[in-house]
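Residues per chain, in single letters:
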Amino acid sequence: MRPFDFYAPATVVEALELMHQHKENVAVIAGGTDLVLELNERKANPAVVIDLKKLKELDYIRVEEGVVRIGALTTHAAIAADRQIEKYVRVLHEACRQVGSPQIRNLGTIGGNLAQSSVAGDGLAACVTLDADVTLRSVRGERRMKLDEFLAGEGATRRNILAADELLTEVSFALPDIRHTATAFYKLAKRKSLAISVIGGGMVATVDDNGICTYARMRAGALGRYPMPFPTCEAHLVGKKLTYATMLETLPIMHDQVLEANKSRPWSVFYKKESVQGVFKKVFADVLHQLGLEEVQE
Amino acid sequence: MNKITVHCTVNHKPVSVEIEPNKRLLDMLRVNLGLTSVKEGCSEGECGACTVIYNGEPVTSCCILAGQAEGADIITLEGVSVDGKPDVVQQAFIESGAIQCGFCIPGMILTAEALLMKNPHPTMEQIKEAMSGNLCRCTGYKKIEEAVALAASRM
Ligand SMILES: Cc1cc2nc3c(=O)[nH]c(=O)nc-3n(C[C@H](O)[C@H](O)[C@H](O)COP(=O)(O)OP(=O)(O)OC[C@H]3O[C@@H](n4cnc5c(N)ncnc54)[C@H](O)[C@@H]3O)c2cc1C
Ligand code: FES
Ligand code: FES
C-alpha cells in the first residue's frame, strides 16, 4: 500500500468537507471489502482515505409512507437479517443474503456495492431491478436520481455519476404491495459462498386481481458492464395472464439478446446465453409461488 | 504520511497503537501487537484465515484498515483460552480430530465462537452456513463441522 493520510469524521457534514478539501486524490472507505484489496494491490493510490464507518447516521433501514429507505452504511448482513426486507423485498433479501461469505457480509455495505458499480454487484443488480433511487450529497447539496441514471453518468471514476467529493447516502424504492407484486433474485455462482456472481437475475412482477400482468421488470447482473435490461421480455408479459408457460416464452428473446450483447466475447457468451435462461426459470417459479398463481415442479 | 494512534480493546484489554495509516488491522494485530494466531492466507477476503471477532461479529481482518478499528472490541484466538487452558470450542476441535496443518484453525475457532455466542444451539445447516467463509485445504470440513456441533452440545 502506498502511504496516505487517514481521517475518520464523526458526521456526514464533516466527511463532505474533508472530501471536498482533498478531492484531487481522495477515497472514502466503508466496509473496505473492495477498497482495501485495491489499496493493497496498488490499484487504488489515494493521497487521503476517509473512513465512513463512524457515520452511524447512514446506517438504517426505514419504511416511511410506502417507501423503503436504506442508509449507505447498512451492511449486507443487516439487510439480509431485516424481517421487513425478507417479507416484502425478496429480490434484495436474496441478493444480500448470498454476497461473499458471512465475514464479507458483516463488513460490506450496500453503499459500497452501489458505488463500486461492479459488473457482478449483487446488491446493485437487485436495486436496479427495483428501479431504486439513490441520494447523493456533497458540499454543493443533495441530488436524487434513478440508479439507471447514476450508472449511465461519467463521474470521477467513470463507473458512475459520483463526483470525487460526493457521497452516496441512501438508496430508496417503493415498498412492494405483496398481494399483487412479487420480487425475486437467483444467483448462479461457482461455489456456494465466496463466489462472485456468474449471473444474478432479478425480477419484479405485478398482477391485477385477475392474474393479468400489469408490470414486469427484469435485470441480470454480470452479463455486461451494468445490469442488463430485458425490455422485450417485459413487454411480452404485460397484458397477459402471468403463467409459467407465458414466462418461458420470453427465454428465446433473452437468449438472442445475450448473444447479441456479448458478440465481441464469444468465449463467455457460449455458456451465458444458456445459463441466463436457467437462472430466470428459477426466478419465474419463485415469482409465481409468491403470488400464489402456480407451483412449478422441476 | 502522518502516523495515527488507534485506541481499541483487544482480548478484553484496552490498547493504543501508533501506526502508519496504510496498514491493515491484520498487520496491526500481527506486527504491532504480536498476535500471530491471526493468519494471512489469501490477503483478499476469500479464505477466512485472518478472521477475528470484531464487535461481536466475525470479519476478515485483511479487509479492514487499522485506523478503522478505533473504538472496536476485537478478540483473537489468544483471547479465547481460559487461564491458558483450551475453552469448550478449542477442546472440541482437539477431541474431534478437526486439526491437521492448523493454518485455518484460528479463524475457524473464532468463527465458531462468534456463532455460538449468538446462537448456542445451531442446527448443522446453520453451522455449515456460518463456517462457509473459512477455507481449509486439509480436513474436508466434516470434522470441523462435527467439532462445532460437539462444542454446541456442551454449551
Ligand atoms: C471474498 C469476497 C467476496 C465477495 N463477494 C461478493 C458477492 O458475492 N457479491 C457482490 O456483490 N460483491 C461481492 N464482493 C465485493 C464487495 O464485498 C461488495 O461490493 C461490497 O458491497 C462493497 O462494500 P464495502 O462497504 O466493503 O465497500 P468499500 O470497499 O469500502 O468501497 C468500495 C468503493 O465504493 C466507494 N464507496 C463506498 N461507500 C461509499 C459511499 N457511501 N459513497 C460514495 N462512495 C462510496 C469506495 O470509495 C470504493 O471505491 C466480494 C468481495 C470479497 C472480498
Ligand atoms: S487473508 Fe484475509 S481472508 Fe484470506
Ligand atoms: S487444517 Fe490445514 S488448512 Fe485447515
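Residues numbered from 1 in each chain as written. Chains lettered and ligands numbered in written order. Predicted model: local features only at pLDDT ≥ 70, side-chain atom pairs only at ≥ 80, totals over all residues. Heavy atoms only, no water.

(A) Region of interest: the sheet that holds strand β1 (residues 5–7) of chain A. Residue and element names in this part refer to chain A. What the three strands build is an open sheet, ordered β1-β3-β2; its pairing is parallel. What marks the edges here is a single partner per strand, and that holds for β1 and β2 (26–29). Each adjacent strand pair in this sheet contributes to an overall mean axis angle of 20°, direction not counted. Relative to strand β3 (residues 48–51), β1 is paired through three bridges, and the arrangement is parallel. When the bridges of β3 are listed, aspartate 5 appears paired with valine 48. Relative to the sheet, helix α1 (residues 12–21) contacts β1, β2 and β3, its axis offset from that of β3 by approximately 170°. (Pairing = 2+ DSSP bridges. Helix = DSSP H or I, 4+ residues; strand = E, 2+ residues; numbered from the N terminus. Axes fitted to C-alpha atoms, helices over the stretch in contact; angles between N-to-C directions. Contact = heavy atoms within 4.5 Å.)

(B) The site of ligand 1, seen in detail. Near ligand 1 you find 36 residues, and of these Val28(A), Gly31(A), Thr33(A), Leu35(A) and Thr109(A) are the closest. Those chains with residues close to ligand 1 are chains A and B. Residue Gly32(A) places a main-chain N or O atom 2.8 Å away from an oxygen atom belonging to ligand 1. Between ligand 1 and Thr33(A) there is a distance of 2.6 Å, counted from an oxygen atom to a side-chain nitrogen or oxygen. The protein chains hide 94% of the 980 Å² of surface that ligand 1 would expose on its own. The set of elements that each furnish at least two residues to the shell around ligand 1 consists of β2, α2 (35–40), α7 (110–116) and β8 (167–174) of chain A. (Near = heavy atom within 4 Å. Polar contact = N/O pair within 3.5 Å; in protein donor to acceptor, adjacent residues only side chain to side chain. Areas by Shrake-Rupley, 256 points an atom, 1.4 Å probe, with all protein chains shown as cover.)

(C) Molecular detail of the domain arrangement of chain A. Residues and elements named next belong to chain A. Its domain assignment divides chain A into domain 1 (5–51), domain 2 (57–174) and domain 3 (181–291). A C-alpha centroid distance of 18 Å is found between domain 1 and domain 2. Taken residue by residue, the interface counts 16 residues in domain 1 and 17 residues in domain 2. Together domain 1 and domain 2 conceal approximately 1300 Å² of surface at their shared face, both sides included; 68% is due to carbon and sulfur atoms. Its largest share of buried area at the contact with domain 2, domain 1 owes to Val12, Leu16 and Thr33, together 39% of the area lost on that side. Taken together, the connections running from domain 1 to domain 2 amount to zero salt bridges. The tally of links from domain 1 across to domain 2 stands at three residue pairs in polar contact (both at pLDDT 80 or more). Elements with a minimum of two residues in the side of domain 1 that touches domain 2: α1 and β2. (Domains from an automatic or database assignment. Buried area = accessible area lost by both parts, 1.4 Å probe. Salt bridge = Lys/Arg side-chain N within 4 Å of Asp/Glu carboxyl O.)

(D) Structural context of the interface of chain A and chain B. Across the boundary between the two partners, chain A contributes 31 residues, which contact 31 residues of chain B. Note on chain A versus chain B: buried area summed over both sides is about 2400 Å², and carbon and sulfur give 57% of it. Applying the counting criterion to the chain A and chain B interface returns one salt bridge. The closest approach of N and O atoms between Arg105(A) and Glu129(B), which form a salt bridge, is 2.7 Å. The tally of links from chain A across to chain B stands at 10 residue pairs in polar contact (both at pLDDT 80 or more). Elements with a minimum of two residues in the side of chain A that touches chain B: β1, α2, β3 and α6 (102–107) of chain A.

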